[in-house]
Structure formats: structure tokens, C-alpha cells
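# Examining the three-dimensional arrangement
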Amino acid sequence: MNQYLVYAAIGLGLLLVAMVVPGLKVLAEAILKLLLELFVEIFKRKGMFLVWMVKTLTGDHVRVFQHAMQTRDTLDPTEKIRREAEGYEDEPREGLVTYLMRQVTQLMPKKSAKQAK
């Protein structure tokens, strides 16, 4: 997200520099007017824009969570076919969260019978 803000700042800076150059001043004024009208229209319909933004951000987070929880074979069924075609078939891969939880439990020290009581 910060990358887009940097690009927008660079673009705005270039437009402001173009306002100084006589031949580009007309073009820069037209682009700035267009951007201003775009922002006015977005803020007129801020409710719809807010709904779109919430849906987009929610969908992106759900997709990331889904990729972390499900196996690669579930997300891409052709993966198993590719592995078989290449001549190797390994165990189905587990999701990232499942893998990390298994690794953490293996690293945890085992409790003895005395410590359990």
C-alpha cells in the first residue's frame, strides 16, 4: 500500500513540475482538473466506495487465510497430476499453519509424569 502512495506522490510531483514548463502546463492543468473531478465523484459516493473497499480488503484477507490453512493440492488440484507426470508422488502437503503448529509442538519439551501432577 505504501508503494502506491509513493508512486502517487511521484506522479503528483511530476505534474507540479510540468506546471512550470510552458508547453506542458496546459496538459498538466487538464490532468490535475481530471484528478480533482475524480476525487469529487469518489467522495460524493463515499458509501459505495467504502463498501467496495471493505469487500476488497476482506476478500484479500480471507484468501490469505485460506492459502495458509489449506493444502496445496486443495488449492491447485493439478498439482497432484503434475507430480505424478514428473514421476514422483510425495505425501500431500499440509497447510502452512498446520505445518508450523506441528513444528512448534515437536520443539516443546515433553512433560514428565512428575511435572504433569
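Residues numbered from 1 in each chain as written. Predicted model: local features only at pLDDT ≥ 70, side-chain atom pairs only at ≥ 80, totals over all residues. Heavy atoms only, no water.

## Here's the deal with the overall build of the chain
Across its full length, the chain carries 7 helices and 0 strands. Listed N to C, the secondary structure of the chain is α-α-α-α-α-α-α in terms of helices and strands. In the chain, which comprises 117 residues, the proportion classed as buried is 7%. The contacts in the chain between residues at least 6 apart in sequence include a share of 21% that link residues at least 24 apart. Of the accessible surface of the chain, which amounts to about 10,500 Å², a share of 70% is contributed by carbon and sulfur atoms. (Helix = DSSP H or I, 4+ residues; strand = E, 2+ residues; numbered from the N terminus. Buried < 20%, exposed > 50% of the residue type's maximum accessible area, 1.4 Å probe, protein only. Contact = heavy atoms within 4.5 Å. Areas by Shrake-Rupley, 256 points an atom, 1.4 Å probe, with all protein chains shown as cover.)

## Re the packing of helix H1 (residues 2-18) against helix H2 (residues 25-44)
Following both chains from N to C, one finds H1 and H2 inclined at 140°, their axes separated by 8 Å at the closest point. In this view, H1 runs oblique relative to H2, as classed from their interaxial angle. By crossing handedness, the relation of H1 to H2 is classed as left-handed. Contacts between H1 and H2 involve Leu12, Leu15 and Ala18 from the former and Lys25, Ala28, Ile31, Leu32 and Leu35 from the latter. Per-class residue counts for the contact of H1 with H2 are 7 nonpolar, no polar and 1 charged. (Axes fitted to C-alpha atoms, helices over the stretch in contact; angles between N-to-C directions. Parallel < 35°, antiparallel > 145°, perpendicular 65-115°, else oblique. Left-handed = near helix turned anticlockwise from the far one by under 90°. Nonpolar A, V, L, I, M, F, W, Y, C, P; charged D, E, K, R; others polar.)

## Observations regarding the pattern of salt bridges
Applying the stated criterion across every chain, the model contains 4 salt bridges. Among the salt bridges present, the one from Glu41 reaches Lys44, with a minimum N-O distance of 3.2 Å. You can see Glu41 and its partner Lys44 sitting in helix H2, 3 residues apart, about one turn around the helix. A salt bridge links Arg45 to Glu41, with the nearest nitrogen and oxygen atoms 2.6 Å apart. Look at the salt bridges and you will find they share partners, linking Glu41, Lys44 and Arg45 into a network. (Salt bridge = Lys/Arg side-chain N within 4 Å of Asp/Glu carboxyl O.)

## Looking at the environment of Arg72
As for its placement among the helices and strands, Arg72 is situated in helix H4 (residues 72-75). You can call Arg72 partly exposed: its relative accessible area is 32%. Spatially, the C-alpha atoms of Arg72 and Leu96 are 9.4 Å apart, while their sequence positions differ by 24 residues.

## Some remarks on the environment of Glu29
By secondary structure assignment, the location of Glu29 is in helix H2. Take Glu29: its relative accessible area is 40%, and that puts it in the partly exposed class. Between the C-alpha atoms of Glu29 and Leu15, which are 14 residues apart in sequence, the distance is 8.3 Å.

## Focus: the environment of Leu32
Locating Leu32 in the fold gives a position in helix H2. Through-space distance from the C-alpha of Leu32 to that of Leu12 is 8.6 Å; in sequence the pair is 20 residues apart. Setting aside anything within four residues of it in sequence, one finds Leu32 in contact with Leu12, Leu15 and Met19.

Nothing here speaks to function; it is all geometry.
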